[in-house]
Protein chains: 2
Amino acid sequence: MSSQGREGKAPGSMLLLLLLSCSAPPAPFVTSASSGLRFVSSSSSLHLLPAVLKHTGRITLEQTLRLRGGDSNDCNEFGGYQVLNNEMRESFDTVMKRRFVFMQSFLIHGGVSGLFDYGPIGCSIKNNIVDAWRKFFVVSDGMLEVACPSITPHRVLEASGHVKRFTDLMVRDETSGECFRADKLIEEFCDVDLMKDAKHSNETRREMMMSLKARAGSMTIEQVEDAISTFNITSLSTGAKLSKPLPFNLMFKSTIGPSSGSSVFLRPETAQGIFTNFKRLLEFNGGKLPMTIAQIGKSFRNEIAPKQGLLRQREFEMAEIEHFLANGETGHVEFCKMADVEVCLFSRTAQERGEAESWTTLGQAVEDGIIVNQALAYFLGKTQKFLRQCGIKAIRFRQHRATEMAHYAQDCWDAEVLCSYGWVEVVGHADRACFDLQMHSEATDVPLVAWEQHQEPRERRVVQATIDRALIGKAFRARSKLVVEALEKFAEKEGEEALAFQKGKEEGAPEALKLRVEEEELEIPAACVSFKETIVREHGAFYYPRVVEPSFGLDRLFYCSLEHAFYVRGNDHERTVLGLPVSIAPFQCCMLGLSSNDQLMPIVYEIHEEMRKMGVNCRLDDSAANIGKRYARMDEIGVPFAVTVDFQSCQDGTVTLRERDSMEQVRVPKEEVPQLVRSLCEARESPDVSWAAAKERYPSV
Amino acid sequence: MSSQGREGKAPGSMLLLLLLSCSAPPAPFVTSASSGLRFVSSSSSLHLLPAVLKHTGRITLEQTLRLRGGDSNDCNEFGGYQVLNNEMRESFDTVMKRRFVFMQSFLIHGGVSGLFDYGPIGCSIKNNIVDAWRKFFVVSDGMLEVACPSITPHRVLEASGHVKRFTDLMVRDETSGECFRADKLIEEFCDVDLMKDAKHSNETRREMMMSLKARAGSMTIEQVEDAISTFNITSLSTGAKLSKPLPFNLMFKSTIGPSSGSSVFLRPETAQGIFTNFKRLLEFNGGKLPMTIAQIGKSFRNEIAPKQGLLRQREFEMAEIEHFLANGETGHVEFCKMADVEVCLFSRTAQERGEAESWTTLGQAVEDGIIVNQALAYFLGKTQKFLRQCGIKAIRFRQHRATEMAHYAQDCWDAEVLCSYGWVEVVGHADRACFDLQMHSEATDVPLVAWEQHQEPRERRVVQATIDRALIGKAFRARSKLVVEALEKFAEKEGEEALAFQKGKEEGAPEALKLRVEEEELEIPAACVSFKETIVREHGAFYYPRVVEPSFGLDRLFYCSLEHAFYVRGNDHERTVLGLPVSIAPFQCCMLGLSSNDQLMPIVYEIHEEMRKMGVNCRLDDSAANIGKRYARMDEIGVPFAVTVDFQSCQDGTVTLRERDSMEQVRVPKEEVPQLVRSLCEARESPDVSWAAAKERYPSV
């Protein structure tokens, strides 16, 4: 569930931008082989800096450089991909806004932070990502997909541990009432303190701050309180005193039913709907494991102060997979397909030792014990392939340190993508062991277990109780059922003691067995029961299956795809292009007339109609703007193909087909163009439908 | 928004089932040409009947028949489609449960009424319906799709009228505390009263009850209170006294942000997200109308006591379209494609006069003034086509009576589907006029308007104020800006009065103009202002566009598709089939081995792999059950094709391909089968990929 969880820190600041953009590009401050200094940042601390400066005064360029160095999140290039720089990011934001790709929600009513609308372009791209995900994971791997409601009763999320533990620590400015996430606040404080230390005068203090900052994300409530009082941390907005830290549950609460109703939450992850249905799903699957269940849907988190745009929404789309493993099994039947996939791993050890990420194959990583098992490694590989399919270029897998894992997790690897916010967690991969199934079983008395058939029956020594029910009935009346159960349990759990009692009984010693039944110690007359050891043959056993969970934050994936697709032609920031993969482009094609001439438009409409009949998602632009401007508009929103009807079309029935990235054009008979566009978009990688093949077949323009 | 609104009443009862299933099928009690008596029902009153009987005693068959007659909702056959009878409905429910098609949510934790989980089969079918909808409406009609959050601030839904008016009247059993929807309770009461009237002894009372029942759904709070006291209506569960009726708002409430936060609701319809983005969307569309916006997503309604399964959920999926019209326009550019479509209309007049539904074409209906305009009629046609594509057979369009329309609506037509619950509203079609845009504009001061360019500039006489700002400034100082605004407004709104003042001024009469400025009456010295009449030429004008809204309840559509697809082979209730259209079937194909023989399984896996690569959603059944049983399993969940590897496959490389409904089989070379299945499933109606063509091409088995 962690894909909108506590992502990699992004402690940059607009101030840095301002400082850095005046200077020549500095030499990268290398802390790891692949990390450099990031130029662009609009991180969570952005909003605080003007206030920070008021309290701390100016800082120098060297200070900021030194400060940035310690953070592996600072990097502007990775694996050949260059993060959007300041100017590019500004152009990007402008296009997103001007073409209504996405936008803060309810702006005419003042807006709400953490809620976003997807306009026609954004919505279409996101739908395509969802479809692609479903094909790539659910259909191709034969997963079973389910859909459960967002509204979830209190008792379900109590069983899963969310009511108690799904919290962030919060502190309040005692003057203004403004709320801060405690970890973010402490990180900011450390940044500010480090900036103040202008002359490197106090190396001890510096190290103390670096260490405090590193620990901020995983502190207990007492540690936060201690840090605030030790370092006299105050509100960064006003300098006022801070309240004591308190845990703030991130789930939205409501009630269901008339009048006061019952307490419910909006789910903070989709996974619980899968766990609560485990029994039925296992039955559907013929009782067989492994079994892989997927769910795509909205989740909700009432973030304290969301400020990172699409990356930290209060309502967001997740795609989660729960891969349940057979007892003792840790492999994956299709791991062989992934063993050679090269990945960039940033292991827990590397992070702790201050080492760099390193490249390896998944097979090697499992062999070396870096990734715990094949099942987890398989999904890392699958995830990377999918991210690449969405056009994402800079990917690494970062292992969680022991202190930062969610309450249910045993091991976690985040797929992080480098974008202008720094390294951003887009997909979490958690080994949840059998935590959830066990919790729900205990809360409901419904055993969410699977049956393992032994190859050979196994023999086991057990102690059994032979009980004289009539005697028990006479002695204990209404409570006799409880006594019988207690005796059986005693035999099962305290076998040695039961046999000792039996031995004594045979030797005539004890007259009664002392036994706790519902908080009361009873004396069971020795005549009522005898114990003996026997051998039972067991043909199998029930067990709680272990589960591996890849969990996608689809809005983050969407955002990263857009940033990675964005470029400008030449150096002209007026000519921006979204070079999205064809499979996720918002429209597959655009129909244009060279002019709105009466001869041309009927042909435009006719081909457009044909395209629609074929299921090609084709946009018609019949505006009066000149053709170059209309091509530019299509480039800007990432439409991969444009079909133009010109005057030659009226004569020989051909039209031009233009490809977005190369801007190349070919002439195609108008009857052939809908099928050609359809084939080009279906992206089945067969050589006869590629753009290269189209160029060979049809004359260039 | 009304697709999960107040649907057609379904006052049947399980008791009727029991009574009727003992008798021979009665002759239909005809109230309309097409309506008959419904056999199967499990309506909202179901749960009350045991209690009802306690209070009322037994009733006779004739009584129930007589009672049922007056309700157009009672019908078991329509246009050749036979509603599931009692036994069939039971088989249907069993399959839905056993194969986990859908199921009440969180059952292991006790369940929550009105919340449902979709299992692998249900989820897949529903996804296919969503995809089909998107292709049929958004892509094919070039609509613009958006996606907005469910969480909606208080002020947005206050502006739209939902905070005040999105309510049901509720009464509470004063002893047990149980809550009832007032309208449903009154209807139940009437039913019970009518049943008691065993000897038809009191015709006046009978008519009174029929009339009360008919009015129950549209009563004011006072009318409900009056009815409860006049007829001494008590709780149907316990017979206890009822509380006064009170309006219960159906929106789920929560708060956003830390600590107390701001008040938010979960949206009760998706439409508001479209209206609040109107300005941006119009800009995206180049300022042009008509413009059609779509949104698919969850909506939420805290129903008082939901009891009709998937038909009345508290969290449900909607697909809504807002079709904004240009000023004065009521046509639709593609209406010509719909004019000849035959539809069954149940007009407001027909309902009021107790007449039957009638068949007509959409063109005729518009000409006759039954459907108010082409735009609305176009969408009725489009809806009907889509419902048929989903395999839905019995469809009528019912116009809302004046008293039952939602607060924003001017005219409404519901697409109703006949199923075992009676006539169920699946799609609402509302003419919302410009209600919403106007409301949001007024609440936000952001004008949600479009610009209409006049063909020729138009001249208009206006009164203008010439203001001496220096004098005003001296006289009114800080308030002078307000005074200037008030003077301009006065000239604009009260032209005649302004001219009269001017006339007086010129004749030397008044020394000052009395003007209200912010609740205070000021005297403006005459020297400060003069007024004159002039002619202005206007090139266009702003206006609030009218909107037509088709609103789909996708869960209801899903449910009706399932019921309509369900049949049994011969009379064998163990051999049930979901004859779903291929386009929405849960899996497109199933791969089977005749036995789990070591020779066969590798071929099974190989073809399965090929299918997956081709994007065919193919399920593998490698269980040990015999082949007939495995075919039956696939029929039960609606898989249209099955590919079987048998011993002949090892020899000649062919496999069998079986079609679900005909159970016919052909032998196909294994290399060709993936492409064949893919083509058959893509449902492009070309003759070379139909099942008939496959039978001609390949030998039958």
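Where an unreviewed UniProt entry is consulted, chain A appears under the name glycine--tRNA ligase, with the organism given as Guillardia theta. Listed in UniProt under the heading Sequence similarities (unreviewed entry), the comment for chain A reads: "Belongs to the class-II aminoacyl-tRNA synthetase family."

A. Up close: the relation of the copies chain B and chain A. Superposition record for chain B on chain A: RMSD 0.3 Å, screw rotation 180°, translation along axis 0.0 Å. Between the two chains, the operation in question is that of a two-fold axis. Across chain B, the rotation axis passes nearest the C-alpha of S254 of chain B, at a separation of 2.7 Å. A high fraction, 100%, of the interface residues of chain B reappear at the interface in chain A, so the copies pair face to face through one surface.

B. Molecular detail of the packing of helix 5 (residues 120-139) of chain B against helix 20 (residues 554-565) of chain B. Residue and element names in this part refer to chain B. For the pair helix 5 and helix 20, the least separation of the axes is 10 Å and the interaxial angle reads 115°. Classified by the interaxial angle, the pair formed by helix 5 and helix 20 is roughly perpendicular. Considering how the two elements wind past one another, helix 5 and helix 20 form a crossing that is right-handed. Touching G122, I125, K126, I129, V130 and W133 of helix 5 are L554, D555, L557, F558, S561 and L562, all from helix 20. Partitioned by chemical class, the residues of the contact of helix 5 with helix 20 number eight nonpolar, two polar and two charged.

C. Region of interest: the environment of D117 of chain A. Turning to its location among the elements, D117 of chain A is positioned in strand 4 (residues 116-118). A residue is classified by how much of its surface remains accessible, and D117 of chain A, at 1% relative accessible area, is buried. A C-alpha to C-alpha distance of 9.9 Å links D117 of chain A and L310 of chain A, two positions 193 residues apart in sequence. Here S105 of chain A takes part through its side chain, which lies 2.9 Å from a polar atom of the side chain of D117 of chain A. Here N277 of chain B takes part through its side chain, which lies 2.9 Å from a polar atom of the side chain of D117 of chain A.

D. Structural view of the sheet that holds strand 6 (residues 151-153) of chain A. Residue and element names in this part refer to chain A. Spatial strand order, 6-11-10: three strands in an open sheet with antiparallel pairing. A strand with exactly one partner marks an edge of an open sheet, and here the two such strands are strand 6 and strand 10 (253-256). Taken pair by pair, the neighbouring strands of this sheet meet at an average axis angle of 45°, ignoring direction. Here strand 10 pairs with strand 11 (residues 262-266) via four bridges, running antiparallel.

E. Fine view of the pattern of salt bridges. Counted by the stated rule, this structure contains 81 salt bridges over all chains. E315 of chain A is the salt-bridge partner of K298 of chain A, the closest N and O atoms lying 2.7 Å from each other. Here E315 of chain A lies in strand 13 (residues 315-324) and K298 of chain A lies in strand 12 (residues 291-300), a separation of 17 residues in the sequence. Side by side, K298 of chain A and E315 of chain A carry an identical accessibility label, which is buried. Across the pair E549 of chain B and R432 of chain B runs a salt bridge whose closest N-O atoms are separated by 2.5 Å.

F. Seen up close, the packing of helix 8 (residues 182-196) of chain A against helix 9 (residues 203-215) of chain A. Residue and element names in this part refer to chain A. Between helix 8 and helix 9, the least distance of the axes is 9 Å, while the angle of their chain directions is 160°. What the angle tells us is that helix 8 and helix 9 run roughly antiparallel. For the crossing formed where helix 8 meets helix 9, the hand is left-handed. Contact residues: I186, E187, F189, C190, D191, D193 and L194 in helix 8; R205, R206, M209, M210, L212 and K213 in helix 9. Here the contact of helix 8 with helix 9 is built from residues that sort into seven nonpolar, no polar and six charged.

G. Layout of the pairing of strand 27 (residues 618-621) of chain A. Residue and element names in this part refer to chain A. Both strand 26 (residues 589-593) and strand 27 contribute to a ladder of four bridges, which runs parallel. For L592, the partnering residue across the bridge sits in strand 27 and is D621. A crossover connection joins strand 26 to the parallel strand 27 through helix 21 (residues 600-613); in handedness this β-α-β unit is right-handed.

H. Looking closely at the interface of chain B and chain A. On the chain A side, the residues contacting the 85 residues of chain B number 85 residues. Interface area for chain B against chain A, summed over the two sides, is near 7,100 Å², with a carbon-plus-sulfur share of 58%. Contact with chain A buries area across many residues of chain B, yet I108, H109 and F284 of chain B alone supply 11% of it, more than any other trio. There are six salt bridges connecting chain B and chain A.

I. Summary view of the sheet that holds strand 8 (residues 179-181) of chain A. All names here are of chain A. If you trace the three strands from one edge of the open sheet to the other, you get 8-7-9, paired in antiparallel fashion. Only two strands of the sheet have a single partner each, and these edge strands are strand 8 and strand 9 (246-249). Going from strand to strand, the sheet's axes swing by 50° on average, the running direction of each strand aside. Here strand 7 (residues 167-172) pairs with strand 9 via four bridges, running antiparallel.

J. Quick peek at helix 22 (residues 627-636) of chain B. Residues and elements named next belong to chain B. Those residues of helix 22 that fall on the buried side of the exposure criterion are I627, R630, Y631, M634, D635 and E636. Two or three places before G628, at the start of helix 22, stands the capping residue N626, its side-chain oxygen 3.0 Å from that residue's backbone nitrogen. Positive backbone phi, at 85°, marks G638, one or two positions downstream of helix 22.

K. View of unusual backbone geometry. Residues and elements named next belong to chain A. Of the consecutive residues L289 and P290, the connecting peptide bond is found in the cis state with omega at 0°. Position of P290 relative to the elements: it lies in the loop between helix 12 (278-284) and strand 12. Not every positive phi belongs to a glycine, and R477 is a case in point at roughly 45°. Along the chain, R477 falls in the loop between helix 17 (469-476) and helix 18 (480-493). With a relative accessible area of 66%, R477 lands in the exposed category.

L. Here's a closer look at the nonpolar core. Of all hydrophobic cores here, the largest spans 111 residues; its most connected members are W133, I371, L557 and L562 of chain A together with F324 of chain B. For this core, the leading source of residues is helix 5 (residues 120-141) of chain A, giving ten residues. In terms of domain composition, this core takes at least three residues from each of domain 1 (79-166 + 250-449 + 544-564) and domain 4 (587-697) of chain A. Setting aside its immediate chain neighbours within four residues, L562 of chain A contacts F92, M96, V101, F102, I125, L578 and L580 of chain A. In terms of nonpolar packing, the next biggest core, distinct from the first, is built from 110 residues, V547 of chain A together with V101, C344 and C419 of chain B among them.

M. Structural view of helix 18 (residues 480-493) of chain B. Residue and element names in this part refer to chain B. With 14 residues, helix 18 should cover 20 Å at 1.5 Å per step; its first-to-last C-alpha distance of 20 Å lies within 8% of that length. Within helix 18, burial applies to S480, V483, V484, A486, L487, F490 and A491. Taken down its axis, helix 18 places every buried residue within 165° of arc, on the same side. For helix 18, exposure combined with an orientation more than 90 degrees from the buried face picks out K481, K489, E492 and K493. Where helix 18 is buried, its residues meet strand 19 (450-467), helix 17 (469-476), helix 19 (495-506), strand 20 (512-517), strand 21 (520-525) and strand 22 (529-543).

N. Quick look at the pairing of strand 29 (residues 654-659) of chain B. All names here are of chain B. Across the six residues that make up strand 29, a large majority, six, are buried. Side-chain alternation along strand 29 places T654, T656 and R658 on one buried face and V655, L657 and E659 on a second face that is also buried. Bridge count between strand 28 (residues 641-645) and strand 29: four bridges; the pairing is antiparallel. Bridge pairing in strand 29 links F641 to E659. In sequence, strand 29 turns back onto strand 30 (residues 665-669) through a hairpin of five residues, with M663 there showing a positive phi of about 60°.

Conventions and cut-offs
- Residues numbered from 1 in each chain as written.
- Chains lettered and ligands numbered in written order.
- Predicted model: local features only at pLDDT ≥ 70, side-chain atom pairs only at ≥ 80, totals over all residues.
- Heavy atoms only, no water.
- UniProt positions renumbered as here; feature names shortened; annotations may be inferred.
- Least-squares fit on C-alpha atoms with pLDDT ≥ 70 in both.
- Contact = heavy atoms within 4.5 Å.
- Axes fitted to C-alpha atoms, helices over the stretch in contact; angles between N-to-C directions.
- Helix = DSSP H or I, 4+ residues; strand = E, 2+ residues; numbered from the N terminus.
- Parallel < 35°, antiparallel > 145°, perpendicular 65-115°, else oblique.
- Left-handed = near helix turned anticlockwise from the far one by under 90°.
- Nonpolar A, V, L, I, M, F, W, Y, C, P; charged D, E, K, R; others polar.
- Buried < 20%, exposed > 50% of the residue type's maximum accessible area, 1.4 Å probe, protein only.
- Polar contact = N/O pair within 3.5 Å; in protein donor to acceptor, adjacent residues only side chain to side chain.
- Pairing = 2+ DSSP bridges.
- Salt bridge = Lys/Arg side-chain N within 4 Å of Asp/Glu carboxyl O.
- Right-handed = clockwise from strand over helix to strand, strands pointing away.
- Buried area = accessible area lost by both parts, 1.4 Å probe.
- Core = buried A, V, L, I, M, F, W, Y, C linked by side-chain atoms within 4.5 Å.
- Domains from an automatic or database assignment.
- Expected span 1.5 Å × (residues − 1).
- Arc of directions from axis to C-beta.

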